[in-house]
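# Descriptive structure summary
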Amino acid sequence: MGDLMKGKRGLVMGVANHNSIAWGVTKALAGQGAELALTYQGDAFGKRVRPLAEEVGCNLLMNCDVEDISTVDEVFATLEREWGKIDFVVHALAFSDKNELKGLYADTTRENFVRTMVISCFSFTEIARRAARIMNNGGSLATLTYDGSQRVMPNYNVMGVAKAALEASVRYLAADFGPRNIRVNGVSAGPVRTLAGAGVSDARLMLNYQRRNSPMRRNVTIDEVGGATLYLLSDLANGVTGEVHYVDAGYNIMSMPALDELKT
Ligand code: NAD
């Protein structure tokens, strides 16, 4: 327990269960004294998220499905009514039809392309615009991304294209809001076993491959992703904006499989 975030209030979007990356971020923020609001997607998730919210002393728990923009408006209206101003927002949500997270990217349908982009990419812009209106001086926004945006990951397909657009959004939003002292950054997490992660075909193979071939020879935990996100949301990162920060045990720096792996 520390007080890095003492006196700061913010919103975390994307907790589905105790395996969610957003839960790792929530625990890290709460552990440093932040006052938190959480959202969940629909009643079924709400039942699972409520006890987690209670665990971190969060009493602002709201339903939000980013496909229904009225629920996003309602979240920010509630935040303004209850708190007036906020200091940070975490966007840790994504969706694509799992039938298209396998096979060829070339076979992506128009319908799923648009849906994936709206939920996984454009929602961050819609949320950032609403958040910026009620942010204190020195606000900070963070979104979760993955290296499939930069390089081809088998089966990641349309989600990789959406993450590339999300990372570009981070830079454009950082430029838009920088003059108001609002920072915008991305955290590029290595693979983690979560509900969304399991939607990508052969996710287990990818997880094991990255574990064997990352410099640290392991995968990362949601607490490690949470720690790096906490840093970007805190005053420690006051000079940092428009960045995509990798938390992947170094996997992204490698240009070929580890030699010990090749020799076995
Ligand atoms: P998760 O399944 O725990 O979380 C995904 C969240 O997205 C859920 O809470 C779900 O309710 C929410 N969501 C989906 N559609 C939504 C909608 N229409 N409206 C509102 N919420 C919606 O999985 P996770 O892996 O923790 O995913 C969080 C973020 O981390 C995602 O952006 C994901 O792409 C990213 N990420 C995941 C990994 C990984 O390997 N798991 C790696 C890098 C980045």
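Residues numbered from 1 in each chain as written. Predicted model: local features only at pLDDT ≥ 70, side-chain atom pairs only at ≥ 80, totals over all residues.

Moving on to the overall build of the chain. Counting secondary structure elements, the chain contains 9 helices and 7 strands. Rg of the C-alpha trace for the chain: 18 Å, near the compact-globule value of 18 Å for 264 residues, within the 12% margin. If one aligns the C-alpha atoms of the chain with their principal axes, the spans along those axes are about 60 × 40 × 40 Å. Taking all 264 residues of the chain together, 44% fall into the buried category. A separation of at least 24 residues holds for 74% of the contacts in the chain among residues at least 6 apart in sequence. (Helix = DSSP H or I, 4+ residues; strand = E, 2+ residues; numbered from the N terminus. Rg over C-alpha atoms; globule rule 2.2 N^0.38 Å. Buried ≥ 20, exposed ≤ 12 C-beta atoms within 10 Å, placed from the backbone. Contact = placed C-beta atoms within 7 Å.)

What follows is about the environment of K6. Here K6 shows up in the segment before β1 (9-13). Distance from K6 to V170, taken between C-alpha atoms, is 26 Å for residues 164 residues apart in sequence.

The subject of this paragraph is unusual backbone geometry. Trans peptide bonds make up the majority, and among non-glycine residues the majority have a negative phi. You will see that N157, though not glycine, has its phi angle at about 45°, which is positive. Along the chain, the position of N157 falls in helix α5 (residues 157-177).

Here we come to helix α1 (residues 21-31). In terms of residue burial, α1 counts as a mostly covered element, since 9 of its 11 residues are buried. Remark: G33 follows α1 within two positions and exhibits a positive phi of approximately 90°.

What follows concerns the pairing of strand β2 (residues 35-40). Among the 6 residues that make up β2, 6 are buried, leaving the element largely enclosed by the rest of the structure. Residue alternation in β2 divides its side chains into two sets, E35, A37 and T39 and L36, L38 and Y40, and both sets are buried. Two strands pair when backbone bridges link them, and β1 and β2 are joined in this way by 5 bridges, in the parallel orientation. Residue pairing for β2: G10 is matched across the bridge by L36. (Pairing = 2+ DSSP bridges.)

We now examine the site of the ligand. In the vicinity of the ligand lie 27 residues, with S20, L93, L195, A196 and G197 positioned nearest. For the shell around the ligand, the secondary structure elements donating two or more residues are α1, β5 (135-145) and α6 (195-198). Here the element with the most residues in the shell around the ligand is α6; it accounts for 3 residues. Of the residues in the shell around the ligand, the class split is 19 nonpolar, 6 polar and 2 charged. (Near = placed C-beta within 6 Å. Nonpolar A, V, L, I, M, F, W, Y, C, P; charged D, E, K, R; others polar.)

Within strand β4 (residues 86-91), 6 of the 6 residues are buried, leaving the element largely enclosed by the surrounding structure. Note that β4 and β5 share 5 bridges and pair parallel. Of the residues in β5, the one forming a bridge with V90 is A142. Note that the unit made of β4, helix α4 (residues 110-133) and β5 has a crossover that is right-handed. (Right-handed = clockwise from strand over helix to strand, strands pointing away.)

Right, let's talk about the sheet that holds strand β6 (residues 183-189) for a bit. Strand order in the open sheet formed by 7 strands is β3-β2-β1-β4-β5-β6-β7, and the pairing between neighbours is parallel. Of all strands in the sheet, those bounded by a partner on one side alone are β3 (60-63) and β7 (244-247). Each strand of the sheet is rotated relative to its neighbour by a mean of 20°, with strand direction disregarded. Where β5 and β6 come together, 6 bridges link them in parallel fashion. In the sheet register, A142 faces β6, and the bridge partner there is N185. Contacting β1, β2, β3 and β4, helix α3 (residues 69-83) runs over the sheet at an angle of about 160° to β3. Of the strands in this sheet, β4, β5, β6 and β7 are in contact with helix α8 (residues 222-233), which crosses β6 at around 165°. (Axes fitted to C-alpha atoms, helices over the stretch in contact; angles between N-to-C directions.)

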